[in-house]
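Spelled out from the first residue to the last, the chains are:
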Amino acid sequence: MKKQSFRESLKLIDKKVLIFSWLALLALSLPIILFPEASGSVVSQLNSWVLSYLGAPYMWFGIFCLLFCLYIICSRYGSIHLGEEGEKPEYKTFSWAAMLFCCGVGAGVLYWGFIEWGYYFQSPPLGLEYGSWQAAEMAPAYGFFHWGPTAWAIYAVSAATFGYIMFVRKSNVLKCSEGCRGLLGKKVDGPLGKVIDVFFIFGIVGAVATSLGLANPLVTACICTLLGIEATPALQIVILLIIVAMFGLSAYSGLNKGIKFLSDSGVWIALLLIAFVFLVGDTKFMYDTTTTAIGLMGQNFIRMSTWLDSIGLSGFPQSWTVFYWAWWAGYAPFLGMFIARISKGRSVKQMVAGSLVFGSLGCILFFGVLGNYGLSLQLTGSLDVMTALNELGPAFTIVEILKTLPLAKVAIVLVALLCFVFAANSYDSASYIIAANSQIRVKNGESVPILRLIWAFGLSLLPIGFILLDAPLSTLQTATLVLSVPIAFVIIIVGLSYFKMVREDIRSGALQQSVVKKKFSDLLDKE
């Protein structure tokens with residue numbers, strides 16, 4: 001494939017979207033970096049407002065996404081083939097599942113997989129008492145819920161639309177606004193489309209900032225423990241820049257070389273770590289508790305999906321479920337584009353169902369083994385995880401959990417390496433898609449390399465601000481909540497646009513797949 005010249009690449013850049021996105025990014029990042037104390041106060045006020053007024057809308061948003069995906073899987077709208085009729089998948093199932101999982105969860109699944117249960121055990125949901133056996137059983141169940149089908153459904157809604165745009169309509173425009181064309185029509189070609197694209201980029205910035213804000217302290221904690229040095233903001237920034245350089249190089253290499261390699265290697269390292277912990281830990285406790293947690297999640301799924309605790313006022317669903325749905329929403333359009341991009345040759349039903357199944361099972365595997373290993377340490381008294389969590393913070397508590405393993409230093413190295421790989425994998429795919437969103441059109445499905453490098457650097461600005469701010473978890477959560485608010489509305493528009501585009505193309509004769517003609521014969525008969 002002939003590479004584009006630098007001058008040709010410049011012609012493809014949507015300068016308005018790029019300039020306004022960078023101006024908005026600098027307007028958000030620089031005050032946090034230059035005035036951390038005043039910024040912290042503003043962030044705290046925003047947190048209170050968002051949690052007070054946006055809890056219910058986000059809950060209904062999650063329900064909409066799950067019902068949308070179930071309808072796609074069970075209805076004729078899932079039969080559409082992404083690509084030429086009879087075309088085989090571009091990637092083998094293992095590589096495809098590895099890429100969608102690694103890019104979908106990033107280093108967050110490693111961080112929360114170890115320690116999320118601790119927060120739920122310490123401040124139990126659903127009115128349960130701290131320290132009770134019911135709280136211990138529900139702690140892993142809520143982790144499965146937050147990283148389960150609803151989370152992946154939020155991603156898959158936009159994947160259906162963007163897959164259709166890329167491989168059925170064969171559009172060379174890979175923008176978030178293009179996904180809204182079904183409902184908004186030519187309005188996406190004007191100022192409204194530019195606003196949607198800028199909001200799309202901001203949603204990713206907030207989600208990525210939260211992910212880097214979680215991954216960076218864990219990598220720092222692992223390195224400081226191995227080398228016996230003190231964790232400082234300067235060290236965290238250096239480590240962050242190394243991660244950025246790593247994913248920037250991978251993003252510059254492109255989809256097949258960089259992202260596929262990182263995904264495959266990340267999955268193998270993860271499986272090695274999980275197998276090791278499963279075999280040397282309390283194996284029976286881990287699979288028994290995982291089985292129980294799956295049952296509890298299924299039994300309480302509707303309640304978990306709608307519970308806002310407006311009577312007890314614990315704040316649990318706002319701090320966790322609402323935060324997670326907002327986090328996934330910030331990632332969703334970008335990951336929808338990415339999942340669609342790697343799903344050529346599959347049906348829409350296979351893509352959506354695969355996302356829900358492979359994504360949910362992967363997260364259950366992480367939380368079921370790593371999280372329940374930590375829970376077993378707490379319940380047996382081998383390690384007081386709750387005290388460590390309160391005194392050392394989550395990152396160093398994870399290291400304390402790793403120290404209880406045989407070959408502890410090897411385990412710590414594996415976690416640090418996996419955190420690097422997962423973080424790089426998520427953020428190079430993020431810069432890859434943001435770059436495409438900053439272009440007028442894309443050629444051969446590839447965004448401009450120089451744009452990928454520009455956004456690889458840009459995605460690090462807000463996390464650097466959070467390091468200087470010494471931001472607690474609540475600050476990261478607020479950034480995600482606020483920046484993803486407009487994106488949640490965009491995702492709904494993108495999802496509904498899929499149905500309208502399919503019906504329009506069938507009626508106009510543009511969609512000629514034989515299976516589609518058979519299943520949508522009623523639309524053809526009306527013509």
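Before reading further, recall that the structure is shown in the block above.
Below you will find a few notes about this structure. Worth saying up front: this structure is predicted, and the values here are computed from it rather than measured.

1. Some points on the overall build of the protein chain
Argument step 1. Helix and strand content of the protein chain: 24 helices and zero strands.
Argument step 2. When burial is assessed residue by residue, the protein chain has 60% of its 527 residues classed as buried.
Argument step 3. By sequence separation, contacts in the protein chain at least 24 residues apart represent 83% of the contacts at least 6 residues apart.
Argument step 4. Here the protein chain has roughly 20,500 Å² of accessible surface; of this, 65% comes from carbon and sulfur atoms.

2. Considering the nonpolar core
Argument step 1. Core analysis: the largest hydrophobic core is formed by 175 residues, its most contacted members being Leu110, Trp112, Trp147, Tyr324, Trp327, Phe366 and Tyr498.
Argument step 2. Those residues in contact with tryptophan 147 that sit more than four places away from it in its chain are Val105, Gly108, Val109, Trp112, Glu116, Trp152, Tyr324, Trp327, Trp328, Ser360, Cys363 and Phe367.

3. Structural notes on the side chain of threonine 289
Argument step 1. Mapping threonine 289 onto the fold places it in helix H13 (residues 283–299).
Argument step 2. Residues within four places of threonine 289 in sequence aside, it is in contact with Pro140, Asn372 and Leu375.

4. Regarding the environment of alanine 270
Argument step 1. With respect to the helices, strands and loops of the structure, alanine 270 is situated in helix H12 (residues 255–280).
Argument step 2. Along the sequence, alanine 270 and leucine 418 sit 148 residues apart, while their C-alpha atoms lie 6.8 Å from each other.
Argument step 3. With near-sequence residues (within four places) excluded, alanine 270 lies in contact with Phe366, Leu418 and Phe422.

5. A short note on the pattern of salt bridges
A pair can form between side chains of opposite charge whenever their charged atoms are brought close.
Argument step 1. Per the stated rule, a full pass over the model turns up 10 salt bridges.
Argument step 2. Taking the shortest distance from any N to any O, the salt bridge between glutamate 87 and lysine 344 comes out at 3.5 Å. Of the two residues, glutamate 87 sits in the loop between helix H4 (55–74) and helix H5 (93–105) while lysine 344 sits in the loop between helix H15 (316–341) and helix H16 (348–380), which places them 257 residues apart along the sequence.
Argument step 3. Its relative accessible area of 27% is what places lysine 344 among the partly exposed residues.
Argument step 4. Notably, a salt bridge pairs arginine 341 with glutamate 90, separated by 3.4 Å at the nearest N-O pair. Linking arginine 341 in helix H15 with glutamate 90 in the loop between H4 and H5, this pair joins segments that are 251 residues apart in sequence.
Argument step 5. For arginine 341, a relative accessible area of 8% gives the class buried.
Argument step 6. Of the residues examined, glutamate 90 reaches a relative accessible area of 36% and is grouped as partly exposed.
Argument step 7. Because the salt bridges share partners, they merge into one network encompassing Arg169, Glu504 and Asp505.

6. A word on a nonpolar patch on the surface
Argument step 1. Taken together, Leu26, Leu30, Leu34 and Phe35 make up a surface patch of nonpolar side chains, about 380 Å² in accessible area.
Argument step 2. Of note, leucine 30 is situated in helix H2 (residues 15–34).

7. Quick word on helix H18 (residues 394–403)
Argument step 1. Judged by how many residues are buried, H18 sits mostly within the fold: seven of 10 residues are covered.
Argument step 2. For H18, the full list of buried residues reads Pro394, Ala395, Thr397, Ile398, Val399, Ile401 and Leu402.

8. Quick word on the packing of aromatic side chains
Argument step 1. Inspection of the entire model under this criterion finds 40 aromatic pairs.
Argument step 2. With 6.4 Å between their ring centres and 15° between their planes, phenylalanine 101 and tryptophan 152 make a pair best called stacked. One end of the pair, phenylalanine 101, is in helix H5; the other, tryptophan 152, is in helix H8 (residues 149–167), with 51 residues separating them in the sequence.
Argument step 3. Assessed through its relative accessible area of 8%, phenylalanine 101 is described here as buried.
Argument step 4. Looking at tryptophan 152, the relative accessible area reads 1%, which means it is buried.
Argument step 5. Its guanidinium or amino end placed over the ring of tryptophan 96, arginine 346 lies 4.2 Å from that ring's centre, counting from NZ or CZ.

Calculation notes
- Residues numbered from 1 in each chain as written.
- Predicted model: local features only at pLDDT ≥ 70, side-chain atom pairs only at ≥ 80, totals over all residues.
- Heavy atoms only, no water.
- Helix = DSSP H or I, 4+ residues; strand = E, 2+ residues; numbered from the N terminus.
- Buried < 20%, exposed > 50% of the residue type's maximum accessible area, 1.4 Å probe, protein only.
- Contact = heavy atoms within 4.5 Å.
- Areas by Shrake-Rupley, 256 points an atom, 1.4 Å probe, with all protein chains shown as cover.
- Core = buried A, V, L, I, M, F, W, Y, C linked by side-chain atoms within 4.5 Å.
- Salt bridge = Lys/Arg side-chain N within 4 Å of Asp/Glu carboxyl O.
- Patch = residues over 30% accessible without salt bridge, like charges linked within 9 Å, V, L, I, M, F, W, Y side chains within 5 Å.
- Phe/Tyr/Trp six-rings, centres within 6.5 Å; stacked < 30°, edge-to-face > 60°.
- Lys NZ or Arg CZ within 6 Å of the ring centre and 35° of its normal.

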